[in-house]
Amino acid sequence: DQQVKQNSPSLSVQEGRISILNCDYTNSMFDYFLWYKKYPAEGPTFLISISSIKDKNEDGRFTVFLNKSAKHLSLHIVPSQPGDSAVYFCAASASRGNTPLVFGKGTRLSVIA
Amino acid sequence: KAGVTQTPRYLIKTRGQQVTLSCSPISGHRSVSWYQQTPGQGLQFLFEYFSETQRNKGNFPGRFSGRQFSNSRSEMNVSTLELGDSALYLCASSLAPDFGYEQYFGPGTRLTVT
């Protein structure tokens, strides 16, 4: 039973445009959400997080939106750059981060110049 | 400061053998977590150690075990290897035993079981 789902395995976006990566979760106990980015041959690197008490968190070109009623979050990258091409993982935790992270399967983003 | 290091980076083993993977966390980090990444399942949590104690364990068989040393370095062991154990094994360290803290991942050990 997949508790965190990233239904799009891949996404292609033109450079300069907005990239929107989506993530759905089923466990209503999740209250802390993170996005990680992974380049080939490297470990994932933390991008941005959001707590369930917020519905939006912004960090430079990256914004995460959380819709608790829909159990849905999304990562917006504006403007997209070729260096953003990577696999993006959504992860969730319960008890304000006190339980192990549950990851989605990832979405491969390709930003085309 | 130096990042998380994992050794070896690549490993080929035969079914039935056992393997030990090593992880050195970022200096000062006392929490170490291990994950298995496969194409079909994404990243799955194996276990987490803090101050030499296992705090959390994922849903993996007992063939998967780990430990943490007093210097926070960690090892994981897989006994009686199966073909399905072929995966990228990632180690992550953080300052505190709270998954809300940012975890820093190493590059992983690519294990191939033949």
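Scroll up to find the structure this text is about.
This one's a predicted model, so the numbers in the text were calculated from it and none came from an experiment.

Asker: How should the overall build of chain B be read in this particular structure?
Answerer: Within chain B, the secondary structure is distributed over 0 helices and 11 strands. Tracing chain B from N to C terminus, the helices and strands come up as β-β-β-β-β-β-β-β-β-β-β. A compact globule built from 114 residues should have a C-alpha radius of gyration of about 13 Å, and chain B, at 13 Å, falls within 12% of that. Here the C-alpha coordinates of chain B stretch approximately 35 × 25 × 25 Å along the principal axes.

Asker: Sorry if this is basic, but what is going on with the sheet that holds strand β3 (residues 19-25) of chain A here?
Answerer: Within a beta sheet, neighbouring strands are joined by backbone hydrogen bonds and run either parallel or antiparallel to one another. Residues and elements named next belong to chain A. Read across the open sheet, the 5 strands follow the order β1-β3-β8-β7-β6; overall the sheet is antiparallel. Edge positions in the sheet fall to β1 (4-5) and β6 (56-59), since each has one partner strand and no second. Pairing geometry for strand β7 (residues 62-67) and strand β8 (residues 72-77), over 6 bridges, is antiparallel. When the bridges of β8 are listed, threonine 63 appears paired with histidine 76.

Asker: When you look at the pattern of salt bridges in this model, what are you seeing that I'm missing?
Answerer: Here the idea is simple: oppositely charged side chains can pair when their charged atoms come close. All names here are of chain B. Within this structure, the stated rule accounts for 7 salt bridges over all chains. One salt bridge connects arginine 67 with glutamate 75, and the closest N-O pair in it is separated by 3.3 Å. On the accessibility criterion, arginine 67 (47% relative accessible area) is partly exposed. Across the pair arginine 73 and glutamate 75 runs a salt bridge, and its minimum N-O distance is 3.4 Å. It is possible to trace a salt-bridge network through shared partners that takes in Arg63, Glu82 and Asp85.

Asker: How should I be thinking about the interface of chain A and chain B in this particular structure?
Answerer: Accessible area lost upon the coming together of the parts is a frequently used measure of interface size. Facing 20 residues of chain A, the contacting portion of chain B comprises 20 residues. When chain A packs against chain B, the two sides together hide about 1,500 Å² of surface, and 57% of this comes from carbon and sulfur. Broken down residue by residue, the surface that chain A buries against chain B is led by Pro100, Phe103 and Lys105 of chain A, which jointly contribute 29%. Counting across the interface, chain A meets chain B through 0 salt bridges. Applying the counting criterion to the chain A and chain B interface returns 2 residue pairs in polar contact (both at pLDDT 80 or more). Mapped onto the side of chain A that touches chain B, the elements with two or more residues apiece are β4 (30-38) and β9 (86-94) of chain A. Considering only residue class, the side of chain A that touches chain B consists of 10 nonpolar, 6 polar and 4 charged.

Asker: What exactly am I supposed to notice about the sheet that holds strand β3 (residues 19-24) of chain B here?
Answerer: Residue and element names in this part refer to chain B. Sheet architecture is open: 4 strands sit in the order β1-β3-β8-β7, paired in antiparallel fashion. In this open sheet, the two strands that pair with only one neighbour each are β1 (5-7) and β7 (64-68). Neighbouring strand axes in the sheet, compared pairwise and without regard to direction, differ in orientation by 20 degrees on average. Pairing of β1 with β3 involves 3 bridges; the strand directions are antiparallel. If you follow threonine 7 over to β3, its bridge partner there is serine 22.

Asker: I tried to follow the nonpolar core on my own but got confused; where do I start?
Answerer: As a rule of thumb, nonpolar side chains are buried together in soluble globular proteins. With 24 residues, the main nonpolar core has Phe33, Trp35, Leu73, Leu75 and Tyr88 of chain A as its most contacted residues. Going through the elements one at a time, β3, β4, β5 (45-51), β7, β8, β9 and β11 (107-112) of chain A are the ones with two or more residues in this core. Residue contributions to this core peak at 5 residues, all from β9 of chain A. The next biggest cluster of nonpolar side chains, apart from the first, holds 21 residues, and it includes Leu11, Leu46, Met76 and Tyr89 of chain B.

Rules and cut-offs
Each chain has its residues counted from 1, following the order in which its sequence is written. Whichever chain is written first becomes A and whichever ligand is written first becomes 1, with later ones labelled in order. Where local features are concerned, this predicted model is filtered to residues with pLDDT of at least 70; where side-chain atom pairs are given and counted, the filter is 80 or more; whole-chain, interface and lining totals use all residues. Water and hydrogen atoms were dropped before computing side-chain values, which therefore reflect all heavy atoms in the structure. Under the DSSP-based scheme used, a helix requires at least four consecutive residues in state H or I and a strand at least two consecutive residues in state E, with every element numbered from the N terminus. Each radius of gyration is computed over the set of C-alpha atoms, and the globule rule expresses the reference value as 2.2 Å times the number of residues to the power 0.38. Whether two strands pair comes down to DSSP finding at least two bridges between them. The salt bridge definition used is simple: a Lys or Arg side-chain nitrogen within 4 Å of an Asp or Glu carboxyl oxygen. Exposure categories follow from relative accessible area, calculated using a 1.4 Å probe and restricted to protein chains: below 20% of the type maximum is buried, above 50% is exposed, and the middle band is partly exposed. By the convention used here, residues are in contact when the closest approach between their heavy atoms is within 4.5 Å. Buried area: the sum, over both parts, of the accessible surface (1.4 Å probe) that disappears when the two are put together. Whenever two N or O atoms come within 3.5 Å, that pair is a polar contact, provided that in protein one can donate a hydrogen and the other can accept it, and provided that, for residues adjacent in sequence, both atoms are side-chain atoms. Charged means Asp, Glu, Lys or Arg here, nonpolar means Ala, Val, Leu, Ile, Met, Phe, Trp, Tyr, Cys or Pro, and polar covers whatever is left, Gly included. Axis lines are fitted to C-alpha atoms, over the contacting stretch for helices. Their N-to-C directions set the angle, which ranges from 0 to 180 degrees. The term nonpolar core refers to a set of buried residues drawn from Ala, Val, Leu, Ile, Met, Phe, Trp, Tyr and Cys, joined through side-chain atoms within 4.5 Å.

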